[in-house]
Amino acid sequence: MAGGIWGPARGASVGALTLTALAEGIRASRGQPSGPPAPGPQPQPKPESAAAEPGRAVTDPTAGSEPLSLPAPQEPAPEGPQQIPRSSWEEGALADLAVYTAACLEEAGFVGTQATAFTLSSALEARGHRLEDQVHELVRGLLAQVPHLAEGRPRRAALRVLSALALEHSRDVVSALLRCSPAPDRAAAELWRSLSQNQRVNGQVLVQLLWALKGSAGSQLEALAATRALGEMLAVSGCVGAARGFYPHLLLVLVTQLHELARDTHTPDTAKVWATSHRGPPHSHASCTVEALKALLTGDGGRMVVTCMEQAGGWRRLVGARTHLEGVLLLASALVAHADHHLRGLFADLLPRLRSTDNAQRLTAMAFFTGLLQSRPTARLLREEVILERLRAWQGDPEPTVRWLGLLGLGHLALNRGKVRHATMLLPALLGALGESDPRLVDAALGALRRVLLRPRAPVRLLSTELRPRLPPLLDDARDSVRASAVGLLGTLVRRGRGGLRVGLRRPLRKLVLQSLVPLLLRLHDPSRDTAESSEWTLARCDQALHWGLLEEMVTVAHYDSPEALSRICHRLVQWYPSHVPSFLSQTQGYLQSPQGPLRRAAALLTGFLVHHSSLSHVNQDLLDSLFQDLGRLRSDPEPAVAAAARVSSQQVALLARAQPQPCGWSLPSLRHLPRPGRPRPRPARPPPVYADSPFQHRSLPSRWGCSGPG
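Residues numbered from 1 in each chain as written. Predicted model: local features only at pLDDT ≥ 70, side-chain atom pairs only at ≥ 80, totals over all residues. Heavy atoms only, no water.

## So, the overall build of the protein
Assigned secondary structure in the protein consists of 35 helices and two strands. A total of 711 residues make up the protein; the buried ones form 52% of that total. Restricting the contact set of the protein to residue pairs at least 6 apart, pairs at least 24 apart contribute 70%. As displayed, the protein has an accessible area near 33500 Å², and 53% of this comes from carbon and sulfur atoms. (Helix = DSSP H or I, 4+ residues; strand = E, 2+ residues; numbered from the N terminus. Buried < 20%, exposed > 50% of the residue type's maximum accessible area, 1.4 Å probe, protein only. Contact = heavy atoms within 4.5 Å. Areas by Shrake-Rupley, 256 points an atom, 1.4 Å probe, with all protein chains shown as cover.)

## Description of the nonpolar core
Judged by nonpolar contacts, the single largest core of 186 residues is most densely connected at W192, L209, L335 and F368. For L335, the residues in contact, after removing those within four places along its chain, are L251, L297, V305, D340, L343, L346 and F368. (Core = buried A, V, L, I, M, F, W, Y, C linked by side-chain atoms within 4.5 Å.)

## Some details on unusual backbone geometry
One non-glycine residue with positive phi stands out, namely H547, at about 60°. Along the chain, the position of H547 falls in the loop between α28 (529-546) and α29 (551-560). A residue is classified by how much of its surface remains accessible, and H547, at 56% relative accessible area, is exposed. Unusually for a residue other than glycine, D561 sits at a positive phi of about 50°. The residue D561 is located in the loop between α29 and α30 (563-576) in this model. Judged by relative accessible area, D561 falls into the buried class, the value being 13%.

## Some remarks on the pattern of salt bridges
Under the counting rule described, the total for this entry stands at 21 salt bridges. The residue E232 makes a salt bridge to R193 at a minimum N-O spacing of 2.9 Å. Taken together, the residues span a long stretch of sequence, with E232 in helix α9 (residues 220-234) and R193 in helix α7 (residues 186-197) at a distance of 39 residues. Between D526 and R483 there is a salt bridge, with the nearest N and O atoms lying 3.0 Å from each other. Here D526 is found in the loop between α27 (507-522) and α28, whereas its partner R483 is found in helix α25 (residues 480-496), with 43 residues between them in sequence. Take R483: its relative accessible area is 3%, and that puts it in the buried class. It is possible to trace a salt-bridge network through shared partners that takes in D476, D480, R483, R523 and D526. (Salt bridge = Lys/Arg side-chain N within 4 Å of Asp/Glu carboxyl O.)

## Focus on α7
In this model α7 runs 16 Å from its N-terminal to its C-terminal C-alpha over 12 residues, within 8% of the 16 Å that 1.5 Å per residue would give. Burial analysis of α7 places nine of its 12 residues in the buried class, which makes it a mostly covered element. Within the sequence span of α7, burial applies to A187, A188, A189, E190, L191, W192, S194, L195 and S196. (Expected span 1.5 Å × (residues − 1).)

## Describing the packing of helix α17 (residues 359-372) against helix α19 (residues 384-394)
The interhelical angle for the contact between α17 and α19, taken along N-to-C directions, is 135°, at an axis separation of 13 Å. If you check the angle between α17 and α19, you find them oblique. The handedness of the crossing between α17 and α19 is left-handed. In this structure, α17 contributes M366, F369 and T370 to the contact, and α19 contributes I387, R390, L391 and W394. Residue composition of the contact of α17 with α19, grouped by class: five nonpolar, one polar and one charged. (Axes fitted to C-alpha atoms, helices over the stretch in contact; angles between N-to-C directions. Parallel < 35°, antiparallel > 145°, perpendicular 65-115°, else oblique. Left-handed = near helix turned anticlockwise from the far one by under 90°. Nonpolar A, V, L, I, M, F, W, Y, C, P; charged D, E, K, R; others polar.)

## Examining a positive patch on the surface
Together, R450, R495, R496 and R498 make up a region of like positive charge exposed at the surface. The residue R495 is located in helix α25 in this model. For R495, a relative accessible area of 45% translates into the label partly exposed. (Patch = residues over 30% accessible without salt bridge, like charges linked within 9 Å, V, L, I, M, F, W, Y side chains within 5 Å. Lys, Arg positive; Asp, Glu negative; His and termini not counted. Charge placed at Lys NZ, Arg CZ, Asp CG, Glu CD.)

## Observations regarding α29
Here α29 has its buried residues at E553, M554, V557, A558 and H559. Among the residues trailing α29, D561 stands out with phi positive, at a value near 50°.

## Considering the confidence of the model for the protein
For the protein, mean pLDDT is 77; residues scoring 70 or higher make up 70% of the total. Note on residues 105-110: pLDDT is under 50 here. Beyond four places in sequence and across chains, it has 16 contacts. Segment residues 674-682: pLDDT under 50, and seven contacts once partners within four positions in sequence are set aside and those in other chains are kept. (pLDDT = per-residue confidence, 0-100.)

## Looking at the packing of aromatic side chains
Applying the stated criterion to the full structure yields three aromatic pairs. Taken together through their ring pairs, the aromatic side chains of F347, F369 and W394 make up a single cluster. Its end group placed over the ring of F369, R390 keeps NZ or CZ at 5.8 Å from the ring centre. Between R440 and the ring centre of W404, over which it is positioned, the NZ or CZ distance is 4.9 Å. (Phe/Tyr/Trp six-rings, centres within 6.5 Å; stacked < 30°, edge-to-face > 60°. Lys NZ or Arg CZ within 6 Å of the ring centre and 35° of its normal.)

This is how it looks when you write it as structure tokens:
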């Protein structure tokens, strides 16, 4: 049966799945000149002479003088287990049977497919060799010949051979295809897509690919081939139904694989993501995994999830070593918002992974668990006490990342509840995290506290008392994100407690506002745009709650750095809170040494106006002397605008000190040159300070909205 009437064209090797053999088989099935091989065993070819050269073609009269290749002399076997060499006769018979199957499958229905698959499997098992070895030969032949087959019935017939074989031996077919196509290959992609389109085999093939992906921890090439194959299959619409049975498991495996790739420092292009504008197949492992994820989400109706991830930069975060968990959180949020039909199954698959010994699997599961707590129906799958206990246990973990995820989870849980129960369990963990050195933990704690305040019956009085010693230092934190979050939390606290502030029932909150007033005014000029805008919003909440009537002045200072507006603010503050003037000046004095020029200039202006509007009984001589010395140092500041403002403000300090009645024996080194008053006489009005316009960038409305100014 090696050659027969289906022998290949001259010059091709016997036993190969050549285009000529397949075409002749198809013509034979249609009743054209070449017919199918006669049933029964074919006579084995005999050599013409014993002296024939190895590998030389000889003639078999029963096969129509078709050339056959004799097996080459066997080389000495290497040490180890002996293997039985396969002869070219067996290879040719196997290939002929595959070609015959392809020709028959063209006209066969489901029954014919089952029959031919069974026949092919039986023939492979009858050879006496391992079945997967024979499948490997068939797959290799298909990979070699599919690109050369004509579109239409010949190519479909060849692809149906693969589907028929996978119907009974999906594991062997998947293993063979993975070994034969480690690199991007159009023929391999076509074979995977053909398997995906067959509803009877695609589920089995997906399961085998998933197991291959999970069992290839030590083989990057095998994992890459399995990931690429998953991407090809999931991109076919006919595979959607087959993937739904294990959608959560497949999603977690792919995302966990991205975490493992991100940790691998030997991967040269983990930070590269295959953009949508890229043409051609993705080549890096991370890119293939991202594309497989996109295909899985899109095929199941999650196109909005893919879009949200693209707009938020989620795919880029997923493949980054330091940002992977942020990408997982974004993905979980997008699933909660736009694809919640798999959340219950995903939540159930996460629970056993939370105790996994594999760090990548455990952290990825923790991030998903945290993100899914945003969904109320999903969070109700476990009792609230159980979730709280788990999140509190994470706070005791030595790894900062685990504590960060726990704080985010507490914030999501607080936002989902109609009323804040178990506040005694939530607040200590959140308040304790405000002293962490990791900015992620502080940001997460501030965000969670803000969510607690947004719920009905929030503990405003308790938080006002607890935050009074903790929040003011965070307003001057060196980290931009922490400053902005702390200022925003103060604004939310004032907003929730404004009813009590109006009638004087929130003494702790009122003290906290007055303690934070100077930092808020100066942070209007913060180089961080988020902090400056958050300060403006918080000052507006304070103005509304305390009925200052200074909203217009505060907005003018924020956007145009107006000295006149700042003077009106200081005048009102001195009138309303005269006992707090020394505290205001002491706080402002600390900003005179700020490393940021805009803050130093703003502090100099605020000092000048507060001193100008203060009376003689508000400020003691020690504070005046200290202010005069610090302003004197600023007169030589490298920033000309800061030096000019310091000169004007120091004159205001000197004028107030000159007007102050001096006790007997009073003497301060820095103010000795000031003349002492003689006979009591009416004190002349002190001239107001005049400051030049700020050279620093104003946050005017046109620049804020990205528009050009007039002219």
